[in-house]
Amino acid sequence: MPTPLTGLGLPLPLIAAPMAGGPSTPAFVSAAARVGALGFLAAGYKTPEALAEQIAAVRDVPFGVNVFAPNPLPVDPEAFRRYARSLRPEAERYGLDLAGAEPVEDDDHWQDKIDLLLADPVPVVSFTFGLPGRALVGELRAAGTVVVQTVTALPEALAAAERGVDALVVQSADAGAHSGTLTPAAPPVSVPLADLVAGIGGRVPLPIFAAGGMGTAGEVAAVLRAGAAAAMVGTVLLRADESGASAPHRAALADPAGMRTVVTRAFTGRPARGLRNRFVAAHDADAPLGYPAVHHLTAPLRRAAAAAGDTDTIHLWAGTGFRHATEGPVGTILTRLAADAP
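Cut-offs and rules
- Residues numbered from 1 in each chain as written.
- Predicted model: local features only at pLDDT ≥ 70, side-chain atom pairs only at ≥ 80, totals over all residues.
- Heavy atoms only, no water.
- Helix = DSSP H or I, 4+ residues; strand = E, 2+ residues; numbered from the N terminus.
- Rg over C-alpha atoms; globule rule 2.2 N^0.38 Å.
- Buried < 20%, exposed > 50% of the residue type's maximum accessible area, 1.4 Å probe, protein only.
- Contact = heavy atoms within 4.5 Å.
- Areas by Shrake-Rupley, 256 points an atom, 1.4 Å probe, with all protein chains shown as cover.
- Lys, Arg positive; Asp, Glu negative; His and termini not counted.
- Charge placed at Lys NZ, Arg CZ, Asp CG, Glu CD.
- Phe/Tyr/Trp six-rings, centres within 6.5 Å; stacked < 30°, edge-to-face > 60°.
- Lys NZ or Arg CZ within 6 Å of the ring centre and 35° of its normal.
- Polar contact = N/O pair within 3.5 Å; in protein donor to acceptor, adjacent residues only side chain to side chain.
- Pairing = 2+ DSSP bridges.
- Right-handed = clockwise from strand over helix to strand, strands pointing away.

Asks: For the overall build of the protein chain, give the residues involved together with the corresponding values.
Replies: Secondary structure summary: the protein chain contains 14 helices and 11 strands in total. Taking 20 Å as the expected radius of gyration for a compact globule of 342 residues, we find that the protein chain reaches 19 Å, a close match to that expectation. Sorting the 342 residues of the protein chain into buried and exposed places 55% on the buried side. At a minimum sequence separation of 6, the contacts of the protein chain that also span at least 24 residues come to 67%. For the protein chain, the computed accessible surface area is about 13200 Å², with 54% contributed by carbon and sulfur atoms. The centroid of the 26 positive side-chain charges in the protein chain is displaced by 5 Å from the centroid of its 32 negative side-chain charges.

Structure follows, in structure tokens:
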């Protein structure tokens, strides 16, 4: 089956995943393209102006842009306030006052980013968290953009296909950071990635990019044999030279003491996989569902903790294959991961 990668002239069946919050820099995306892989800029948490600057910086290579599609999970106001009060000791250590915070429910500049991508089209746009409307998919495709949707289960894949997308990112529960599930109040059950790819591929006639927990060439080869057109990797690249991941995040991934990964909503109110640190242990049970309200609540605390190198208080997003994350150029890591590709 021809794939979007074929059309872009990219020979490596690998994609450098979009990682919002800093890791997916323009240098990261360009380095992936230089070895024949597709890299994604992450539009999430950026202003439209900052996104436009990053797009301009990678115009000389094939690339994609990932956008958080609105699929809000409104927070219960009283549960939000209780959680804010419970974080008071954490905040006070950094001179912050979260106790009086009120929920912020925004859409991450959705329409402005869509306007930008229609006015100045890019090769590939992927959506996560929610489904774009069928009309928008048609507009993007008419502008020459390949449209990709993140899904975590067969019903989501069928719904995405009905919207007219060109390809699917099929993400397993082993993936690091936020789950792309369309139903965050009922996150996906754990299914081996190769089985998930084969099951969806047997029912939905679209190219599949497999994502979730891969860190070795053997794991990449397994999903390609299961029918994936490409493997999308993220955590294994977080320590790469071109990654914009913070120093504390890199250090935690390399720590031989080794925390395990868990799915938590403590930082953002939406299920996300990361290393289990003190903050997760202390607050996951009390954290309400509610995205983006909980994300906005904890963001100042996480920024202050990251600046202080406090790995016990920041989100340490990581998939289950995090122990395979190594230092070195992005291109070298991606080439190594493709070594056993069929």
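Back to the text.
Asks: Give a description of helix H2 (residues 26-34) that names residues and reports values.
Replies: Of all nine residues in H2, seven are buried, a share of seventy percent or more. Where the residues of H2 are buried, they touch strand E1 (14-16), strand E2 (38-42), helix H3 (48-57), strand E3 (63-68) and helix H14 (330-337). Gly-36 sits one or two residues past H2 and shows a positive phi near 90°.

Asks: Could you give an account of the packing of aromatic side chains, with specific residues and numbers?
Replies: The final tally for this structure, using the stated rule, is six aromatic pairs. When the ring of Phe-129 is compared with that of Tyr-291, the centres are 5.5 Å apart and the planes differ by 80°; the resulting orientation is edge-to-face. Linking Phe-129 in the loop between strand E4 (124-128) and helix H7 (134-142) with Tyr-291 in the loop between helix H12 (278-283) and helix H13 (293-307), this pair joins segments that are 162 residues apart in sequence. A relative accessible area of 3% means that Phe-129 is categorised as buried. In this structure Tyr-291 comes out as buried when scored by relative accessible area, which is 9%. For the ring pair Phe-267 and Phe-279, a centre distance of 4.8 Å and an interplane angle of 15° mean the geometry is stacked. Highlighted residues: Phe-267 in the loop between strand E10 (261-264) and strand E11 (272-275) and Phe-279 in helix H12, separated in sequence by 12 residues. Feature note: the residues Tyr-45, Phe-68, Phe-129 and Tyr-291 constitute an aromatic cluster, connected by ring pairs. When the ring centre of Phe-129 is taken as reference, the NZ or CZ atom of Arg-270 above it lies at 4.0 Å.

Asks: An account of unusual backbone geometry is requested, with residue identities and associated values reported.
Replies: The residue after Tyr-291, namely Pro-292, is reached through a cis peptide bond having omega 15°. The residue Pro-292 is located in the loop between H12 and H13 in this model. Positioned with a positive phi, Tyr-45 is a non-glycine residue whose angle comes to about 70°. Within the secondary structure layout, Tyr-45 lies in the loop between E2 and H3. The phi angle at Ala-177 is positive, at roughly 70°, despite the residue not being glycine. Along the chain, Ala-177 turns up in strand E7 (residues 177-178).

Asks: Any chance you could break down the side chain of Asn-277 for me, citing the residues and the numbers?
Replies: Along the chain, Asn-277 turns up in the loop between E11 and H12. In terms of polar contacts, Asn-277 uses its side chain to reach the backbone carbonyl oxygen of Thr-311, at 2.9 Å. Apart from the residues within four sequence positions on either side, Asn-277 is in contact with Met-259, Phe-267, Thr-311, Asp-312, Thr-313, Ile-314 and Leu-316.

Asks: If you had to explain the pairing of E4 to someone new, which residues and values would you point to?
Replies: Of all five residues making up E4, five are buried, and the element is well covered by its neighbours. The sheet contact formed by E3 and E4 spans five bridges and is parallel. If you follow Asn-66 over to E4, its bridge partner there is Ser-126. Sheet analysis places E4 next to strand E5 (residues 146-151), joined by four bridges and oriented parallel. Paired with Val-125 across the strands is Val-147, a residue of E5. A crossover connection joins E4 to the parallel E5 through H7; in handedness this β-α-β unit is right-handed.

Asks: Describe the sheet that holds E7, naming the residues involved and giving the relevant values.
Replies: Here three strands make up an open sheet; going across it, the order is E7-E11-E10 and the pairing antiparallel. The sheet is open, and its two borders are formed by E7 and E10, each paired with just one other strand. Pairing between E10 and E11: four bridges, direction antiparallel. Note on E11: the bridge partner recorded for Val-262 is Gly-274.

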